[in-house]
Amino acid sequence: MDKFVIRGGNPLLGSIRVSGAKNSALPCMAAAILTEDEVILENIPQVRDIETERKLLTSMGAEVELGYGRAQHRTSIRCAVLSDPVAKYEIVKTMRASSLVLGPLVARTGLARVAMPGGCAIGGRPIDLHIKGLEAMGARITQEHGYLEARADHLRGAHIVWEKISVTGTEDLLMAAVMAEGETVMENCAREPEVTDLATLLTAMGAKIEGAGTPTIRVRGVEKLHGARHRINPDRIEAGTFLIAGAITGGDLNVANCEPAHLGALLSKLELCGVRCDVNGDTIRVRSEGGLRAADISTEEYPGFPTDMQAQFMALVTQAEGTSVVAENIFENRFMHVQELIRMGANIRVDGRTAIIQGKTQLSSAAVMCSDLRASASLVLAALVAEGESILDRVYHIDRGYERIEEKLRSVGAQIRRLGEVFGKRAAS
Ligand code: UD1
């Protein structure tokens, strides 16, 4: 089992580069199902979830080339024939975002069989709203033997009002709507940049979409989509994690190749904490000479403070003077990192969906367990500032969404090494 060994105490200095957004790349890869032509995606991150999606598409009959190089991370996907429109349990169980193929598969082949995603460390995460939306578009949905089957000779446009804002739900139904008959109007949609990224690709493929990035999206169905080339947005969560890494270690770090406009909520909270962030084009310079101040956050849908940054922010405020309150409003069980942070010396009390952090506490190294993707990132951050050598177990969680995080952090002065196999190549140590 892979582990990270991290010795805390080094300020991070220099420049660190952000990869493409995993959560944009996943729906964009699924969008390739909608055409028999080639779809080329650039700036694909080299992370395990992308490899899982490649397996998923290949198992359905798609031809997928995935290449990583110094200059270019890209994939070429051609779904000329989809002989087996099934998302098998073995694949879905490792990545819930597999439900993103539901909409495009029904739209393209009239049939989709997708294993029901199980529970997940951060909560139940149902897909009932994806199902409701597809039914409104005329799909017949049945559930048997752990699989969900959707059938429709052709989907028709519908008026869908999301009861709850869902990112992958909005993306799934957007992909269903682009080839449906007539107009689809979706209200209360997710406004995340990943939805906009997908809409940009779909538009390049010939789709007629208005309003992506706003609560109301209108789609005029077209008969056919064609191939396209698209560059994936930078990953705002990876960028945010590096900003906090710079701040928590009292460093001076340039976070390069990011999109500052997608980081507004985090940047204003960092400022409240006394962290200096200077934006220059696609680079943010983060500086902190210690003396962090407490700040409260409350997770919300975009453009609010992202739930995917909550765990990392909590690690930061363990180092801030005063009381910080962190409220998690998106997922019901997203405090898995708290017990591990407490084991490292943090003073945190959880009351339902709220955590109260009393700072500043000197963290000390410990052996800790990663439980999910972003919780793991928060433990890396805590270990970077803890006294002594921490050992993080189960870092495969972090490989799902961060591209070679240990190499990137080491290049700016962190003392971090991996025991085990690096995703994509053998470990040096
Ligand atoms: C996506 C992101 C994830 C992020 C989350 C919230 C991807 C691949 N993942 O997850 O990193 O943490 O957005 O920003 O993009 N819900 C329902 N029924 C549904 C769908 C969702 O009740 O059919 C609920 C969920 O349980 C949750 C809330 O809606 O409480 C938001 O979830 P959602 O936006 O769907 O999260 P994901 O799209 O799965």
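Quick caveat, the model's predicted, so the values are computed rather than measured. (Residues numbered from 1 in each chain as written. Predicted model: local features only at pLDDT ≥ 70, side-chain atom pairs only at ≥ 80, totals over all residues. Heavy atoms only, no water.)

Draft legend 1. Expanded view of the sheet that holds strand E22 (residues 367–369). In spatial order, the strands read E22-E23-E1-E24; together these four strands make up an open sheet with mixed pairing. Either end of the sheet is taken by a strand with one partner, and the two such strands are E22 and strand E24 (415–419). With strand direction ignored, the average angle separating the axes of adjacent strands in the sheet is 20°. As paired strands, E22 and strand E23 (residues 389–393) are joined by three bridges and run parallel to one another. Paired with Met369 across the bridge in E23 is Asp393. (Pairing = 2+ DSSP bridges. Helix = DSSP H or I, 4+ residues; strand = E, 2+ residues; numbered from the N terminus. Axes fitted to C-alpha atoms, helices over the stretch in contact; angles between N-to-C directions.)

Draft legend 2. The arrangement of the layout of surface pockets in detail. Considered as a void within the structure, the second largest pocket measures approximately 590 Å³ in volume. Of the residues contributing to the lining of the second largest pocket, the split by class is six nonpolar, 10 polar and seven charged. Composition of the lining of the second largest pocket by domain shows at least three residues from each of domain 1 (3–19 + 234–426) and domain 2 (22–231). (1 Å grid on protein atoms, 1.4 Å probe; cavity = no way out; pocket = protein on both sides within 12 Å on 5 of 7 lines; lining within 4 Å. Points joined across faces, edges and corners; volume = space filled by probe spheres on them. Nonpolar A, V, L, I, M, F, W, Y, C, P; charged D, E, K, R; others polar. Domains from an automatic or database assignment.)

Draft legend 3. The pattern of salt bridges, seen in detail. For the structure shown, the criterion picks out 22 salt bridges. Among the salt bridges present, the one from Lys22 reaches Asp49, with a minimum N-O distance of 3.3 Å. Of this pair, Lys22 sits in helix H1 (residues 22–31) while Asp49 sits in helix H2 (residues 48–59), placing them 27 residues apart in sequence. Each member of the pair, Lys22 as well as Asp49, is classed as buried. (Salt bridge = Lys/Arg side-chain N within 4 Å of Asp/Glu carboxyl O. Buried < 20%, exposed > 50% of the residue type's maximum accessible area, 1.4 Å probe, protein only.)

Draft legend 4. Here's a closer look at the side chain of Thr170. Assignment of secondary structure puts Thr170 in helix H6 (residues 167–177). Residue Thr170 is classed as buried on the basis of its relative accessible area, which comes to 0%. Not counting chain neighbours up to four residues away, the residues in contact with Thr170 comprise Trp162, Met186, Cys189, Ala190, Val195 and Ile217. (Contact = heavy atoms within 4.5 Å.)

Draft legend 5. The arrangement of a negative patch on the surface in detail. On the surface, a cluster of negative charge is made up of Asp37, Glu38, Glu63 and Glu65. When you line up the elements, Glu38 lands in strand E3 (residues 38–42). The class for Glu38 is partly exposed, based on a relative accessible area of 30%. (Patch = residues over 30% accessible without salt bridge, like charges linked within 9 Å, V, L, I, M, F, W, Y side chains within 5 Å. Areas by Shrake-Rupley, 256 points an atom, 1.4 Å probe, with all protein chains shown as cover. Lys, Arg positive; Asp, Glu negative; His and termini not counted. Charge placed at Lys NZ, Arg CZ, Asp CG, Glu CD.)

Draft legend 6. Seen up close, the site of the ligand. Of all residues adjacent to the ligand, which total 19 residues, the nearest are Asp128, Ser166, Thr168, Asp308 and Ile330. Within the backbone of Leu129, one N or O atom sits 2.8 Å away from an oxygen atom of the ligand. In the complex, the protein chains occlude 88% of the 740 Å² of accessible area that the ligand would expose alone. Contributing elements (two or more residues each) for the shell around the ligand: helix H5 (128–136) and H6. Considering every element that reaches the shell around the ligand, the biggest residue donor is H5, with three residues. Grouping the constituent residues of the shell around the ligand by class yields eight nonpolar, five polar and six charged. Lining the shell around the ligand are residues from two domains, each supplying at least three of them: domain 1 (3–19 + 234–426) and domain 2 (22–231). (Near = heavy atom within 4 Å. Polar contact = N/O pair within 3.5 Å; in protein donor to acceptor, adjacent residues only side chain to side chain.)

Draft legend 7. Representation of empty space enclosed by the protein. Within the structure shown, the criterion is met by one cavity of 30 Å³ or more. Taken as a whole, the largest cavity spans an internal volume of roughly 30 Å³. Residue composition of the lining of the largest cavity, grouped by class: two nonpolar, one polar and four charged. Two domains each put at least three residues into the lining of the largest cavity: domain 1 (3–19 + 234–426) and domain 2 (22–231).

Draft legend 8. Structural context of the sheet that holds strand E11 (residues 183–187). As summarised here, the arrangement of the four strands in space is E10-E11-E13-E12, forming an open sheet in which the pairing is mixed. Because the sheet does not close on itself, it has two edges, and the strands there are strand E10 (159–161) and strand E12 (208–210). Each strand of the sheet is rotated relative to its neighbour by a mean of 15°, with strand direction disregarded. The sheet contact formed by E11 and strand E13 (residues 217–220) spans four bridges and is antiparallel. From the neighbouring strand, Val185 faces E13, where its bridge partner is Arg218.

It is worth stressing that arrangement in space is one thing and function is another; only the former is reported here.
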